[in-house]
Amino acid sequence: MELKDRLRSDLTAAMKARDELRTATLRMVLTAVQTEEVAGKTVRELTDAEVQAVLTREGKKRREAAAAFDGANRPELAARERAEEQVIADYLPQQLGAEELNEVVAEALTEAGLAGAGRDSMGAAMKAANARVAGRAEGGRVAAVVRRQLGLG
């Protein structure tokens with residue numbers, strides 16, 4: 001609940017400061033959080049981890065949209081998407097670098113007894129790695145490192 005409260009208070013501050021980009025981005029994020037809260041059969045309050053997952057998903061959408069706008073030769077829209085992504089990134093934990101990610105995944109695989117295992121252990125390896133990474137790297141990056149360390153590519 002702390003993260004959601006922080007988003008709300010930062011939205012108020014951004015509105016008072018007349019920061020259009022931050023205001024629009026925080027409104028969009030809070031709307032996504034509310035949508036997630038009412039999804040399903042019962043209304044529920046999201047935990048900080050769940051709010052963080054929503055933020056990660058929204059950041060990824062901005063990254064993908066920026067790439068699409070770049071491909072369509074729309075640099076002004078791509079710049080806006082990147083700016084929104086940066087606002088969202090302020091609320092996410094520091095992302096792991098490539099070397100740190102390799103170390104964390106290697107530790108997780110060793111601890112789970114999966115180091116050097118084959119394709120059959122990919123699911124278990126991903127579960128162990130994602131538990132250790134805990135939102136500090138995107139799933140695609142984690143999967144690539146797990147595949148490489150399992151000798152799958």
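What you see is a predicted model; the values in this text were computed from it and never measured. (Residues numbered from 1 in each chain as written. Predicted model: local features only at pLDDT ≥ 70, side-chain atom pairs only at ≥ 80, totals over all residues. Heavy atoms only, no water.)

1. Observations concerning the environment of alanine 14
- When you line up the elements, alanine 14 lands in helix H1 (residues 2-16).
- With relative accessibility at 4%, the residue alanine 14 sits in the buried group.
- Sequence separation of alanine 14 and alanine 24 is 10 residues, and the distance between their C-alpha atoms is 9.2 Å.
- When sequence neighbours within four positions are dropped, the list of residues in contact with alanine 14 reads Asp19, Arg22 and Thr23. (Helix = DSSP H or I, 4+ residues; strand = E, 2+ residues; numbered from the N terminus. Buried < 20%, exposed > 50% of the residue type's maximum accessible area, 1.4 Å probe, protein only. Contact = heavy atoms within 4.5 Å.)

2. Digging into the environment of lysine 127
- Summarising the element assignment, lysine 127 is placed in helix H6 (residues 122-133).
- Given a relative accessible area of 66%, lysine 127 falls into the exposed group.
- When the C-alpha atoms of lysine 127 and alanine 112 are compared, they prove to be 9.8 Å apart, with 15 residues separating the residues in sequence.

3. A short note on the side chain of glutamate 85
- If you trace the backbone, glutamate 85 turns up in helix H4 (residues 75-89).
- Of note is the side chain of glutamate 85, whose polar atom sits 2.4 Å from the side chain of arginine 63.
- When sequence neighbours within four positions are dropped, the list of residues in contact with glutamate 85 reads Gly59, Arg62 and Arg63. (Polar contact = N/O pair within 3.5 Å; in protein donor to acceptor, adjacent residues only side chain to side chain.)

4. Considerations on unusual backbone geometry
- Backbone geometry places arginine 18, a non-glycine residue, at a positive phi of 60 degrees.
- Its location among the elements puts arginine 18 in the loop between H1 and helix H2 (20-38).
- Phi angles above zero are rare outside glycine, and asparagine 73 is one such case at about 60 degrees.
- You can see asparagine 73 is positioned in the loop between helix H3 (48-71) and H4.

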